[in-house]
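Reading the structure
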Amino acid sequence: MVNFTLPQLRAIMDKPKNIRNMSVIAHVDHGKSTLTDSLVAAAGIISMASAGDQRLTDTRADEAERGITIKSTGISLYNEISKEEISDEAMPKDSEGREFLINLIDSPGHVDFSAEVTAALRITDGALVVVDCIEGVSVQTETVLRQALGERIRPVVTINKLDRGFLELKLDWETFYSNFVKHVENVNVIIATYRDEAMGDLQVYPEKGTVGFSAGLHGWAFTLPQFSRMYAKKFGVAEEKMCERLWGENYFNPAEKKWTKSGDSDFRAFNMFVLDPIGKIVQACMNEQMDKLNKMLTSLNIKMKKEDLELQGKQLLKRTMQNWLPAHKALLEMMILHLPSPHAAQKYRAELLYTGPTDDACCTAIRECDPKGPLMLYVSKMVPGADKGRFIAFGRVFAGTVQAGVKVRIMGPNYEKGKKDDLNIKSIQRVVLFMGRRQDPVEDVPVGNTCGMVGIDQFLVKTGTISTDENAYPMKDMKFSVSPVVRCAVEPKNPQDLPKLVEGLKRLAKSDPMVVITIEESGEHIVAGAGELHMEICLKDLQDDYMNGAPLKISDPVVSYRETVEAETDQECMSKSPNKHNRLYFKALPLGEDLTNLIDAGDITPRDDIKIRGRRLADDFGWDIDVARKIWAFGPDIVGPNLMVDATKAVQYLSEIKDSVVAGFNWVTKEGVICEENMRGICFQILDVTMHADAIHRGGGQIIPTARRVMYAAEMISSPKLMEPMFLVEIQCPESALGGIYSCLNRRRGHVFEENQRPGTPLYNVKAYLPVAESFGFDSDLRAQTAGQAFPQCVFDHWQLVLGDPLSEGKLRDDVIAGIRKRKGLSIEIPPLDRYKDKL
């Protein structure tokens, strides 16, 4: 039975100090959804018996069928904490009363869906990081933890799947303990690497209660403070002191009843007082020694129902452990004591979230978590609603109160303060709360809560900021850790379904934060995603949900390349304008890998202070200081990794043609000369310009095509190269499968650069680079080679030069480039140089 009502929930939403917004993040299959079930069961939404098997937060049919989470799901839980669980002294100082509201978001662990994780992290303040006690910290654990720390989110850790250690592997206690120590150290290393100075110490320690130990499937968990409460009375020691003794190098000798700092591993306090009692109960339940079990239950004073004691094996174990160490108690205690409330978290997150000045009304309201201030709300994703094709905007209120029926300003990601584009002033029809599989309507939602809004989906594409203040700046857009590199062309089988397809693609773009939809000049509709699985799910959604099952023709996946140059030439290129009155002299040079990556990461942007940026380029990359201060543009799309610099000396009226040249530059960087792909890592220098004295003869129509031609020429003589995207593949496998992995990777131009054995397991971790172009069908091929023993995880890692010269004959020019050009409807031969470069 649900143990809270909507009015109760609504009342507690007004106390921002008693709210916890948190997301559950981890590597794929480490048990996030299973663990979330225990918390949902504690609030009475599902029964305790089905917790762990039901996975309430996997709402879609294909999620249940595949057993993976695809979309992140929000759910609001109400919990009342009793005095026994947390004493009055231990309660957080700023909380009002003992009722807490937990807004929980269960996120996917699969690499392809890490955009969903980013969207979940933006609207939460704390993260529960789940680590598998056997597999330990994996690639994806590191990726999501890094994302969380970048958003200034406080982590707590739980080490999950202890039941596997007790039942399948039957590890001895010392191995258990050393595994735990290792996992905690690994997590702390990642936290220390990426931590933000403003946050103070974020590392997690079992003895301080920031690390829990759980078995999600069986619904039990514990923290060390819980055990120290049980033992403190018995030993007559203070709880804090007892807690410190339960971890680390502390040993208890039962014969002499003394504590020592060294001793036999059987006497280690953690093994003796924590693992041993659990191990005894596990043994008694599995071997059905009922008399032994009853004795233990009475000594722990656990009352169990008669019908529960008639269960057998794992069911009996699950019920017993749920009664003794219920998972929700340990997890709730960690969340309430160690994760920040919105009131605390927004103080240090405000400056990171808000793009405007840090002292205006909106930012102050965010910092102080003020329910009466101007409304500031960030929509992080769109959730498909009950009616086909409509979406509910899901987001979090950072300041003010959101109400239905009030006119608000809806700012999209391209909105700039003072301009009118991407701005709509509309009213919200309804405000709803997310409860897992259903939504409940409420009148208004105050600051610090997550909620859904109906009726504004046609004004937002994926994300946006909603405010009531005219002077509000939008909130910062999210930075995704993966980029969409896999592309498919889709077309309907029956031409009359074309309008359906266009409509369906619009909806698909809304429903997924990562998907990019473009229409090529040849009229193809291109869907770009982060990986093979991601594409499969998107195309399935498109066909079944957004197009009512109209059949589609889907091309083979294609990969986007990048064009770059390798060498700087000493000759300059000149092009004349169509009326022969203007000449532009240019040259192209490579930016270098380090600088390109800095621009990609957003460390060097067009918005930086000119002098500081110039000094940095001069000091770190050896640029000429005058040139470094005269960067005209970044491209493509204003922030791309190509530069246009003015290296001219004393040219009159140069600023008059600046806009035209920059327009040409943006056009060129979007479509390079080799196969009309984006450019990357090229710096174009303007060396000299001769112009007609009369302004009418140097308009955009004269300059833009000339600038385009001269840049193409400059690219062609500076030994151009293609770059292809590379995946970082991490594979877990037993030793016997290594041979299959190597042969599989060699056939696909992959190379292994690291392989190490996991201490204490027969498994190996292999890391390799694999070109994205070769990765289609890699999963199934690898499983076939290794009899299903190897599990690959692919993440986009970097761009790498393709071997071979695109201008001379060979496989690269005649297969790859010809294929791309043919697909785009261009002539198959690369145009000759003299089409672009004019003679004097």
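Placed above this text is the structure.
These numbers come from a predicted model, not from an experiment.

**Section: the packing of aromatic side chains**
Counted under the stated rule, the structure contains 21 aromatic pairs. Look at phenylalanine 227 and tryptophan 324: their rings are 5.9 Å apart centre to centre, the planes differ by 85°, and that puts the pair in the edge-to-face class. Taken together, the positions of phenylalanine 227 in helix H8 (residues 224-235) and tryptophan 324 in helix H13 (residues 313-324) put the pair 97 residues apart, joining distant regions of the chain. When its relative accessible area of 0% is taken as the criterion, phenylalanine 227 is described as buried.

**Considering helix H15 (residues 342-353)**
An ideal rise of 1.5 Å per residue puts 16 Å on 12 residues; H15 reaches only 13 Å between its terminal C-alpha atoms. Every buried residue of H15 is listed here: Pro342, Ala345, Gln346, Tyr348, Arg349, Ala350 and Leu353. In the core, the buried residues of H15 are packed alongside strand E1 (19-26), helix H4 (114-122), strand E5 (154-160), helix H16 (361-368) and strand E11 (391-399).

**Quick look at the side chain of threonine 669**
Residue placement: threonine 669 occurs in helix H22 (residues 658-670). Judged by relative accessible area, threonine 669 falls into the buried class, the value being 0%. In terms of polar contacts, threonine 669 uses its side chain to reach the backbone carbonyl oxygen of asparagine 666, at 3.2 Å. If we ignore the near neighbours within four places in the chain, the residues touching threonine 669 are Gly635, Pro636, Asn642, Glu677, Asn678 and Met679.

**A look at the sheet that holds strand E28 (residues 631-635)**
What the 5 strands build is an open sheet, ordered E26-E27-E30-E29-E28; its pairing is mixed. On the outer flanks of this sheet lie strand E26 (573-576) and E28, each paired with one strand and no other. Each strand of the sheet is rotated relative to its neighbour by a mean of 25°, with strand direction disregarded. As paired strands, E28 and strand E29 (residues 642-646) are joined by 4 bridges and run antiparallel to one another. Looking across to E29, one finds that phenylalanine 634 is bridged to leucine 643. Against the sheet, helix H23 (residues 700-717) contacts E26, strand E27 (583-590), E29 and strand E30 (682-690), and its axis sits at roughly 155° relative to E26.

Cut-offs and rules
Residues numbered from 1 in each chain as written. Predicted model: local features only at pLDDT ≥ 70, side-chain atom pairs only at ≥ 80, totals over all residues. Heavy atoms only, no water. Phe/Tyr/Trp six-rings, centres within 6.5 Å; stacked < 30°, edge-to-face > 60°. Helix = DSSP H or I, 4+ residues; strand = E, 2+ residues; numbered from the N terminus. Buried < 20%, exposed > 50% of the residue type's maximum accessible area, 1.4 Å probe, protein only. Expected span 1.5 Å × (residues − 1). Contact = heavy atoms within 4.5 Å. Polar contact = N/O pair within 3.5 Å; in protein donor to acceptor, adjacent residues only side chain to side chain. Pairing = 2+ DSSP bridges. Axes fitted to C-alpha atoms, helices over the stretch in contact; angles between N-to-C directions.

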